Amino acid sequence: MKKCIKILSPCGILGYGFPLESFVNGLKDKPDAIVVDAGSTDAGPHKLGANTAIVSRQACKKDLEYLIAAGFENHIPVIIGSAGGSGGKAHVEWTLSIIDEIISERTIHPLKQAIIWSDIPKDVIYEEMKQGKVIPLGDTVPMLTEEILEDTTGVVAQMGIEPILEALEEGAQLIVCGRAYDPSPFAAVGIHNGFDEGLAYHMGKILECGALCCDPGTTKDCMMGVLYEDCFEVYPTNPQRKCTTVSVAAHTFYEKDHPYILRGPGIVLNLEDCEFSEIGNGRVRVKGSKMIRTPIYEIKLEGARKVAYRTFVIAGIRDPLLIEKVEEVEELVKSSVMNQYPEIPRESYEINFYNYGKNGVMGNLEPNNVAGHELGVMFEVIAKTQSEASALCSSVRSTFMHYGYQGRKSTAGNLAFPFAPSDVEFGAVYEFSVYHLMETPNGKMLFPIEFRT
Amino acid sequence: MDRLVDLAKVLRSKNSGPFEITLDILFDDPEKYRKVVECGIINVQTICQLYHLKPEDICNIVFYQKGLGIKITYNRSVSSGTLRDRDVYGAQQHAPLMDILIP
């Protein structure tokens, strides 16, 4: 067994980019693998529901060219987690089309590739639902019904290490994963080489966001993780950054509901007894990460469905008389528009106002609901079709613009529109309709692997 | 009296999955961490008041000494990125914590 395994994480999301110098520095330290996470649910349900990517094709290709060439030249595997952002079939195929282009342009050949699919057929989910083996992940997630599942574009599940281990065992040099638990592709490299599972997962959890665990932190720079038998170390390959115990411990907290209990596919990580220590040169050493396998293997399902269409307007208000009673006027505008459109059922649409400069960001949760001297107002109509949303929104805009509220002095108009035209057709609005745990016999069965050269 | 923002090194919010938001308060000084934890002000009642939440909306409040950090996770009233959401990443929901006074 090797003394240590080094993993280079070029950036937090494939396509976010990284300084070439940092990447070259990383390669000089002779990594055993390059692993990059391409996915996130952070940007909302739209990417998954509408089968679109998080980054542009050009941005993804630019990063991938460096990664694929470096992997090929240095004979080390390159692993992409959650390809295309959401890891669904369309997202993986989008990534593969970019890879094909790079391979043909650069004559990188032969390159053994593994593609691990993570789309879960709806009939498989139906069967598990009937047996009560699909449960909401969180108090506010509704139970999954056949109707919701039917409306959902497609369902993916986060894979664990198992299918990635198989791909590594088969000698794949480029592994394209569908949706993966973010740390899995990193953890798989360490575990494949015989290292401790808890440490391998925890190191993956830190590396998956690129240099975000540094001070200063960013997702657009490279990190190296070095896994030893009884600990691991992380460091940025850009000398302008460093890891500190606080920056690394902080990252362990990141985007999780609990600071030291982290649940993944078939596993629970317990980081309660971890020790973080600074060992110089911007490096932090971590010890004591523990992992247990759960008695039942559960995977997280994700899916999104189209729920409505939106048209919106951005405007500003500078008149203090209107700012003072803006919420009252907005309510009056809303009822006026509803009266103007009796032919559209009221329960089929909604009109919402977001008052930026007052409580635009936090809404009802805002403890300091007070406006300044000017207000940004964004209003939207959410309706069943785009044309209804636009018809209603146009009516909200013209009604609001000219509404003669009590005490008004500015009788020429109430709103400053920064753009002409003012009304923007947004398109479809999605929601996360599937966010559930499902039992599965093991971590491999639902994640088929396809090999190609 | 110190404000929490003056004692904490990191004060932030972020989605923890699309249905929850998590608030992190992290320190670089064990003394400051201890002071905040021991004064007991970070509790369900304080968070409910600040964020207009009901106690059942709070998933957990955890004190993690090894990481010198406090984590508060609560249910979103609207899931990330769908209609009526105001903060898709949940990244700007931490500000009310800043002015908590620590005796």
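All names here are of chain A. On inspection of all chains with the given rule, the structure shows 33 salt bridges over all chains. For Glu101, the salt bridge goes to Arg57, with nearest N and O atoms at 3.2 Å. In this pair, Glu101 sits in helix α4 (residues 89-106) while Arg57 sits in helix α3 (residues 57-74), placing the two residues 44 residues apart along the sequence. Here Arg57 falls in the partly exposed class, since its relative accessible area comes to 32%. Here Glu302 and Arg179 are joined by a salt bridge, their closest N and O atoms 2.7 Å apart. Here Arg179 lies in the loop between β7 (174-177) and α8 (184-192) and Glu302 lies in strand β15 (residues 298-317), a separation of 123 residues in the sequence. Just as Glu302 is buried, Arg179 falls in that class too.

Let us look at the packing of aromatic side chains. Inspection of the entire model under this criterion finds 10 aromatic pairs over all chains. Seen from their ring centres, A:Phe379 and A:Phe400 are 5.8 Å apart, and the 50° between their planes marks the pair as tilted. Placement of A:Phe379 in strand β17 (residues 375-383) and of A:Phe400 in helix α13 (residues 386-402) is noted, with a sequence separation of 21 residues between them. By the burial criterion, A:Phe379 is buried, and A:Phe400 matches it. Geometrically, the ring pair formed by B:Tyr51 and B:Tyr74 is tilted, given 5.5 Å between the ring centres and 40° between the ring planes. Residue B:Tyr51 is located in helix α3 (residues 44-51), and its partner B:Tyr74 is located in strand β5 (residues 69-75); the two are separated by 23 residues in the primary sequence. Pairwise contacts between aromatic rings join A:Phe18, A:Phe23 and A:Tyr66 into one cluster.

Let's shift gears to the interface of chain A and chain B. Contacts between the two partners involve 50 residues from chain A, matched on the other side by 44 residues from chain B. Summed over both sides, the interface between chain A and chain B buries roughly 3,800 Å², with carbon and sulfur atoms accounting for 58% of that surface. Remark: the boundary between chain A and chain B carries 3 salt bridges. Two residues, B:Arg84 and A:Glu350, come together in a salt bridge whose shortest N-O distance is 2.3 Å. Our count for the contact surface shared by chain A and chain B stands at 14 residue pairs in polar contact (both at pLDDT 80 or more). Taken together, the elements giving at least two residues each to the side of chain A that touches chain B come down to α10 (245-253), β12 (275-280), β15, β16 (350-356), β17 and β18 (423-439) of chain A. Looking at the side of chain A that touches chain B residue by residue, the class counts come to 26 nonpolar, 10 polar and 14 charged.

Another point: the side chain of A:Ser390. Locating A:Ser390 in the fold gives a position in helix α13. Other than its neighbours up to four places away in sequence, A:Ser390 contacts A:Thr311 and A:Glu425.

Attention shifts here to the environment of A:Leu20. Residue and element names in this part refer to chain A. Relative to the helices and strands, Leu20 is located in helix α1 (residues 20-28). Relative accessible area serves as the criterion here: at 39%, Leu20 is assigned to the partly exposed category. Separated by 10 residues in the primary sequence, Leu20 and Pro10 have C-alpha atoms spaced 9.5 Å apart.

The next thing to look at is α13(A). Residues spaced three or four apart along an α-helix point in a common direction, a consequence of the helix completing one turn every 3.6 residues. For α13(A), spanning 17 residues, the distance from its first C-alpha to its last is 24 Å, which sits close to the expected 24 Å at 1.5 Å a residue. Buried residues belonging to α13(A) abut β15, α12 (326-340), β16, β17 and β18 of chain A.

We note that the domain assignment places domain 1 (5-302 + 434-452) and domain 2 (319-415) within chain A. When each unit is reduced to the centre of its C-alpha atoms, the spacing between domain 1 of chain A and domain 2 of chain A is 43 Å.

Definitions and cut-offs
Residues numbered from 1 in each chain as written. Chains lettered and ligands numbered in written order. Predicted model: local features only at pLDDT ≥ 70, side-chain atom pairs only at ≥ 80, totals over all residues. Heavy atoms only, no water. Salt bridge = Lys/Arg side-chain N within 4 Å of Asp/Glu carboxyl O. Helix = DSSP H or I, 4+ residues; strand = E, 2+ residues; numbered from the N terminus. Buried < 20%, exposed > 50% of the residue type's maximum accessible area, 1.4 Å probe, protein only. Phe/Tyr/Trp six-rings, centres within 6.5 Å; stacked < 30°, edge-to-face > 60°. Contact = heavy atoms within 4.5 Å. Buried area = accessible area lost by both parts, 1.4 Å probe. Polar contact = N/O pair within 3.5 Å; in protein donor to acceptor, adjacent residues only side chain to side chain. Nonpolar A, V, L, I, M, F, W, Y, C, P; charged D, E, K, R; others polar. Expected span 1.5 Å × (residues − 1). Domains from an automatic or database assignment.

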